[in-house]
Each structure stands twice: as structure tokens, then as C-alpha cells.
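Report on the structure
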Amino acid sequence: MKINEDGDSKPVADDIIMQEGGGMSLAIPKKEIGEIRERTDHRDKMRESLIKTCRDGQKAAKQAIFALHRGDAARAAKLLNDVENCVTNDLLPMLEGNQPCFVS
């Protein structure tokens, strides 16, 4: 907000967007809209990263099951270890402090 000519810290024309609709005009603060946009973009990126990492873990788990079906216990154990590392090293740190980002 800027201080107007009267010394008040009320919004001035540069700080707001006037939007008309339904016979009303609404003042939308540009700064707050920009901050909301940044938070939303950050949350979207975090969500996409979380989804990709989950898919990677699921794929490794699926491959471990297939390896067990083929009788390849050593490969299955390695893949399950990869899944555990994915969860503890990648997924859990993403979620710490960001739970509200992923609630729909």
C-alpha cells in the first residue's frame, strides 16, 4: 500500500485492480493476488513432485512383486530396498511441514 496525499495508508490506484460485475465494483489488491499466485504455484510444483516420486516407488514395488513371481528373490529384495529408500529419503521429507499442500 502507498500513502496517499492525505497521509493515509489506504490503497491507491496502483495497488488495486478494479473489477466490475453484477452492478458492483470490487477492489482486488495486486500484491495479495501475486502472493497467492506464488503460493499456489509452489504447492502445485510440490504436488507434482510428490506424485512423480510416488509413482516411482509404486513402479519399483510392482517390479519387486513380478521378480518374486519369477523366483528372483535377490532382485525383489533390492527393489523393495529401493522402495523403502524412496519413502524415507524422498517422500517423507517432502511431506514434512507441507501437509496442507496435499489435502484436496
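Refer to the preceding data block for the structure.
Residues numbered from 1 in each chain as written. Predicted model: local features only at pLDDT ≥ 70, side-chain atom pairs only at ≥ 80, totals over all residues. Heavy atoms only, no water.

1. Thoughts on a negative patch on the surface
Filter applied, for reference: Like charges are joined within 9 Å and nonpolar side chains (Val, Leu, Ile, Met, Phe, Trp, Tyr) within 5 Å, but only among residues with over 30% relative accessible area and no salt bridge; these make up the patches. In short, Shrake-Rupley with a 1.4 Å probe defines the accessible areas, and a residue's cover is counted only from the protein chains shown. Throughout this description, the term salt bridge denotes a Lys or Arg side-chain nitrogen within 4 Å of a carboxyl oxygen of Asp or Glu. Positive residues here are Lys and Arg, negative ones are Asp and Glu, while His and the chain termini are left out of the count. Taken as the charge location is NZ of Lys, CZ of Arg, CG of Asp or CD of Glu. Strands here mean DSSP runs of E at least two residues long; helices mean DSSP runs of H or I at least four residues long; both are numbered from the N terminus. Exposure categories follow from relative accessible area, calculated using a 1.4 Å probe and restricted to protein chains: below 20% of the type maximum is buried, above 50% is exposed, and the middle band is partly exposed.
On the surface, E32, E35, E38, D41 and D44 cluster together to form a negatively charged patch. With respect to the helices and strands, D41 occurs in helix α1 (residues 30–69). Note on D41: relative accessible area 40%, which makes it partly exposed.

2. A few points about α1
Test applied: Take the residue count of a helix, subtract one, and multiply by 1.5 Å to get its expected span. We call two residues in contact when some of their heavy atoms are within 4.5 Å.
Taking 1.5 Å as the rise per residue, α1 with 40 residues should run 58 Å; its terminal C-alpha atoms sit 58 Å apart, in good agreement. Along α1, the residues classified as buried are M46, L50, T53, G57, A60, A64 and A67. Buried positions along α1 lie against α2 (73–95).

3. Topic: the nonpolar core
Note the cut-off: What we call a nonpolar core is a set of buried Ala, Val, Leu, Ile, Met, Phe, Trp, Tyr and Cys residues that are connected through their side-chain atoms within 4.5 Å.
Ranked by size, the top nonpolar core spans six residues in total: A60, A64, A67, A76, L79 and V83. Put simply, the parts of the chain that give this core at least two residues each are α1 and α2. Once residues within four sequence positions are removed from consideration, A76 is found in contact with A64, A67 and L68.

4. Re α2
Heads up, the condition is: To get the bend at any residue, fit one axis to the seven residues that end at it and another to the seven that begin at it, then take the angle between the two axes.
In a regular helix each residue adds 1.5 Å, so 23 residues correspond to 33 Å; α2 covers 31 Å between its end C-alpha atoms and thus fits that length. In the structure, α2 departs most strongly from a straight axis at V87, where the bend amounts to approximately 30°. Listing the buried residues of α2 in full gives A76, L79, V83, C86, L91 and M94. Of the surrounding secondary structure, the elements contacted by the buried residues of α2 are α1. Within two residues after α2, G97 carries a phi angle of roughly 75°, on the positive side.

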